[in-house]
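Geometric and topological summary
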Amino acid sequence: MAKGWYIVHTYTGYENKIERTIRMKLEEKELDSAVVTDVKVPVEEVVEIKDGKRKSRKNKFLPGYIMLEMDLPDLGWKTVCSTIRSIQGVTGFVGTNPNQRPRPISSDEVRNILQRSGDIKGEKNVRISQAYSVGDQVKINEGPFASFSGAVEEIYADKSKLRVMVQIFGRATPVEVDITQVEKLIQ
């Protein structure tokens, strides 16, 4: 027996309900807590900037899937898997038929999913939902260049930053700002 993360396919929109059902089955001892050790619905934090206000929300980035950390026994794995499959809204384990033993996902895939959802300590991943493109007119709302306007010259998506050309003392000057510090102007 070796611990591994397994992906369970569900009906879209049922992920949280199925997570609660699995946790309830663990509490009621219908599932062994030594076998099913953790349940996660992969979500990421999305920051939306609207009318200069920053709003944060949780967004499922794998709709229709949940993650189960399990230590499947060599004998009796069918009982555990059939209990999970029998939950209303579960269609099965990803990549296997009902009569096959499920396969865990790789450690790289686990790390990527947990990092994106912010479950790995010290690595919080926040996605900005406001989309900018080169040439967009923006107004800077925060920082030392607040109230300046300019055109987006370059986008650094990995750092969530923009390079904006603003007019300072009659000269075009490039300024690097965080995406959360600007607001798109309607043209």
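Coordinates for the structure precede this section.
For the structure given in this document, a descriptive report is provided here. (Residues numbered from 1 in each chain as written. Predicted model: local features only at pLDDT ≥ 70, side-chain atom pairs only at ≥ 80, totals over all residues. Heavy atoms only, no water.)

Considering the side chain of Asp136
Here Asp136 is to be found in the loop between β7 (126-128) and β8 (137-140). When its relative accessible area of 14% is taken as the criterion, Asp136 is described as buried. Within the structure, the side chain of Asp136 is placed 2.8 Å from the backbone nitrogen of Ser133, a separation counted as a polar contact. (Helix = DSSP H or I, 4+ residues; strand = E, 2+ residues; numbered from the N terminus. Buried < 20%, exposed > 50% of the residue type's maximum accessible area, 1.4 Å probe, protein only. Polar contact = N/O pair within 3.5 Å; in protein donor to acceptor, adjacent residues only side chain to side chain.)

So, the nonpolar core
The biggest cluster of nonpolar side chains holds 21 residues, and the ones touching the most others in it are Ile22, Val36, Leu68, Met70 and Ile84. Elements represented by at least two residues in this core include exactly β1 (4-10), α1 (15-27), β2 (36-40), β5 (65-70), α2 (77-85) and β6 (90-93). Those residues in contact with Ile84 that lie beyond four places of it in its chain are Val8, Leu31, Val36, Leu68, Met70, Val90 and Phe93. If you look at the next biggest cluster of nonpolar residues, it comprises 12 residues, including Leu162, Val166, Ile168 and Val175. (Core = buried A, V, L, I, M, F, W, Y, C linked by side-chain atoms within 4.5 Å. Contact = heavy atoms within 4.5 Å.)

Observations regarding the sheet that holds strand β9 (residues 149-156)
What the five strands build is an open sheet, ordered β11-β10-β9-β8-β12; its pairing is antiparallel. The sheet terminates laterally at β11 (171-178) and β12 (182-184), the two strands that pair on one side only. Across the sheet, the axes of successive neighbouring strands diverge by a mean angle of 45°, strand direction being ignored. Judged from the six bridges that link them, β9 and strand β10 (residues 161-168) form a sheet pairing that is antiparallel. Its bridge partner lying in β10, Ile155 is registered against Leu162. (Pairing = 2+ DSSP bridges. Axes fitted to C-alpha atoms, helices over the stretch in contact; angles between N-to-C directions.)

Overview of the pattern of salt bridges
Where charged atoms from two side chains of opposite charge come close, those side chains can pair. Using the criterion set out here, one finds 11 salt bridges in the structure. Of the charged contacts, one joins Lys25 and Glu30 as a salt bridge, the two residues approaching to 2.9 Å between their closest N and O atoms. For Asp38, the salt bridge identified is with Lys40, shortest N-O distance 3.6 Å. Among the residues examined, Asp38 registers a relative accessible area of 19% and is labelled buried. Connected through shared salt-bridge partners, Glu19, Arg23, Asp38 and Lys40 make up one network. (Salt bridge = Lys/Arg side-chain N within 4 Å of Asp/Glu carboxyl O.)

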